[in-house]
Amino acid sequence: MNIILVTPAPPNSTNGNRVSANRWAKILIQLGHQVSVVEQYTTQKADLMIAIHAWRSQESIFRFKQENPSAKLIVVLSGTDIYQYIHSHRETTLKAMQQADILLGLNHQVIHAVPNELQHRLCVIPQSATIKSKRVKPKKHFLALVVGHLRDVKNPFQAAQAAQLLAATSRIQIHHYGSAHTASWGIHARRETATNQRYHWHGEVNQSRLSEIYQQASVLIISSKMEGGANVICEAIAAGTPILASKIDGNVGLLGENYKGYYSLSDTRMLHAKLSRLERDKLFYSHLKSQCLKLQRYYKPHREIGNWRSLLNQLTK
């Protein structure tokens with residue numbers, strides 16, 4: 001098939017949408033298809049368009065259906081689609097979703113956010129990750145990792161705030177990797193680094209370096225207010241790194257209802273308590289690590305590739 005993959009993130013971006021688009025393009029090419037990745041659809045002819053983000057890609061969605069009325073359309077539901085724009089911009093978001101032959105979700109809780117009349121179009125394909133470097137345990141510090149760009153939806157400084165509540169004897173250090181969404185976020189991060197001895201903002205790093213960092217980390221903290229299906233969770237699981245996560249649908253949809261590393265989104269003190277316990281309680285740490293290791297089989301690349309093969313076969317029947 002000739003496939004157009006639309007993502008609202010520019011080519012050199014490390015935004016999750018662009019990272020996902022590039023990985024999916026590789027998968028689709030591996031499956032024998034021709035793929036072009038663009039920010040916006042213009043007038044190209046194609047057998048299939050995959051549009052990441054219903055609301056942000058709505059112009060491309062409507063234009064594609066007008067230019068290619070018999071072609072197939074997959075709309076990938078982002079976290080802000082299903083947990084924000086479907087409420088704040090309901091009419092336009094739903095219209096974009098209604099154009100799709102398949103609505104693609106990235107976590108298993110997505111069905112609760114999709115309107116009943118569209119649930120029959122929903123397919124869930126969690127993302128995958130591979131971390132190749134060898135596991136290296138930190139010697140001096142208990143390294144708590146935060147991976148995510150600095151913007152409101154990521155709740156980026158909650159880990160730093162929780163770390164300020166730790167006992168003086170704690171070895172926990174927060175290391176944050178991700179670019180600042182605006183200049184003010186960067187100023188905030190530099191100020192936090194200067195005044196909070198447990199917090200260190202490193203800015204953006206490439207995926208190769210990030211893979212090494214996962215191997216050195218004691219825990220990943222994901223404090224997001226909303227997520228469609230965060231690939232950082234899959235990366236941490238692939239690395240065998242335990243996770244402390246805000247209890248939101250996007251995280252529960254990947255880690256499962258019975259995962260023991262959740263904390264209430266608005267409760268920084270609960271995050272502090274979990275983080276402190278993780279450092280001092282070896283049984284708790286081992287339990288979370290064991291839970292993550294058991295999840296690894298669900299986020300292997302061969303599983304994601306197989307799911308895409310099945311989905312495309314379903315579309316061409």
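Residues numbered from 1 in each chain as written. Predicted model: local features only at pLDDT ≥ 70, side-chain atom pairs only at ≥ 80, totals over all residues. Heavy atoms only, no water.

Here we take up helix α3 (residues 79-88). Owing to its 3.6 residues per turn, the α-helix brings residues three or four apart onto one side. Across the 10 residues of α3, 7 count as buried, placing the element largely inside the fold. Listing the buried residues of α3 in full gives Gly79, Thr80, Asp81, Ile82, Tyr83, Tyr85 and Ile86. (Buried < 20%, exposed > 50% of the residue type's maximum accessible area, 1.4 Å probe, protein only. Helix = DSSP H or I, 4+ residues; strand = E, 2+ residues; numbered from the N terminus.)

It is worth spelling out the packing of aromatic side chains at this point. One pass over the full model with this rule turns up 8 aromatic pairs. A centroid spacing of 5.9 Å and a plane angle of 65° characterise the contact between phenylalanine 157 and tyrosine 199, whose relative ring orientation is edge-to-face. With phenylalanine 157 in the loop between β7 (142-147) and α5 (158-163) and tyrosine 199 in strand β9 (residues 199-201), this residue pair connects regions lying 42 residues apart in the sequence. (Phe/Tyr/Trp six-rings, centres within 6.5 Å; stacked < 30°, edge-to-face > 60°.)

Along the chain, the position of threonine 268 falls in helix α10 (residues 268-280). Of the residues examined, threonine 268 reaches a relative accessible area of 18% and is grouped as buried. Apart from residues lying up to four places away in sequence, threonine 268 is in contact with Gln158, Gln161 and Ala162. (Contact = heavy atoms within 4.5 Å.)

Side chains Ile102 and Leu104 project from strand β5 (residues 102-105) onto one buried face, and the interleaved Leu103 and Gly105 project onto a second face that is buried too. With 3 bridges connecting them, strand β4 (residues 72-76) and β5 associate as parallel partners. Bridged to isoleucine 74 within β5 is isoleucine 102. Pairing between β5 and strand β6 (residues 122-124): 3 bridges, direction parallel. From the neighbouring strand, leucine 104 faces β6, where its bridge partner is cysteine 123. (Pairing = 2+ DSSP bridges.)

With that settled, the discussion passes to the state of the cysteines. By the definition in use, this model includes 0 disulfides. Free cysteine cysteine 234: the closest other cysteine sulfur is in cysteine 292, separated by 11 Å. Under the relative-accessibility criterion, cysteine 234 is labelled buried at 1%. (Disulfide = S-S within 2.5 Å.)

In this structure, serine 78 sits in the loop between β4 and α3. Residue serine 78 is classed as buried on the basis of its relative accessible area of 12%. For serine 78, the side chain forms a polar contact with the main-chain nitrogen of aspartate 81, separated by 3.1 Å. Not counting residues within four places of it along the chain, the set of residues in contact with serine 78 comprises His53 and Gly228. (Polar contact = N/O pair within 3.5 Å; in protein donor to acceptor, adjacent residues only side chain to side chain.)

Before going further, it helps to spend a moment on the pairing of strand β1 (residues 2-6). Within β1, 4 of the 5 residues are buried, leaving the element largely enclosed by the surrounding structure. As paired elements, β1 and strand β2 (residues 34-38) share 5 bridges and run parallel to each other. Bridge pairing links asparagine 2 to glutamine 34 in β2. Judged from the 4 bridges that link them, β1 and strand β3 (residues 48-52) form a sheet pairing that is parallel. Its bridge partner being in β3, valine 6 is matched across the sheet by alanine 51.

Attention shifts here to the pattern of salt bridges. Within the structure shown, the criterion is met by 6 salt bridges. Between lysine 225 and aspartate 152 there is a salt bridge, with the nearest N and O atoms lying 2.9 Å from each other. With lysine 225 in the loop between β10 (219-222) and α8 (231-239) and aspartate 152 in the loop between β7 and α5, the pair connects residues that are 73 residues apart, well separated along the chain. For lysine 225, a relative accessible area of 34% translates into the label partly exposed. (Salt bridge = Lys/Arg side-chain N within 4 Å of Asp/Glu carboxyl O.)

Spatial ordering of the open sheet is given by β9-β8-β7-β10-β11-β12, a layout of 6 strands whose pairing is parallel. Across the chains shown, the open sheet's two edge strands, defined by having one partner strand only, are β9 and β12 (262-263). The strands touched by α8 within the sheet are β7, β10 and β11 (243-246), with β10 carrying the most contacts at an inclination of about 170°. (Axes fitted to C-alpha atoms, helices over the stretch in contact; angles between N-to-C directions.)

Let us look at the environment of arginine 63. Tracing the sequence through the fold places arginine 63 in helix α2 (residues 58-67). By relative accessible area, arginine 63 is classed as partly exposed at 30%. Here the alpha-carbon distance between arginine 63 and methionine 49, two residues 14 residues apart in the chain, equals 11 Å.

Before going further, it helps to spend a moment on the environment of leucine 150. On the secondary structure map, leucine 150 appears in the loop between β7 and α5. Under the relative-accessibility criterion, leucine 150 is labelled buried at 0%.

Let us now look at the nonpolar core. By size, the foremost hydrophobic cluster in this structure holds 55 residues, and its most contacted members are Leu145, Ile174, Tyr214, Ile221, Ile243, Leu255 and Leu275. Excluding its chain neighbours within four sequence positions, the residues that come into contact with isoleucine 221 are Ala144, Leu145, Val146, Ala159, Ile174, Leu244, Leu271 and Leu275. Formed by 29 residues, the second largest nonpolar core is a distinct cluster that contains Tyr41, Leu77, Val114 and Met226. (Core = buried A, V, L, I, M, F, W, Y, C linked by side-chain atoms within 4.5 Å.)

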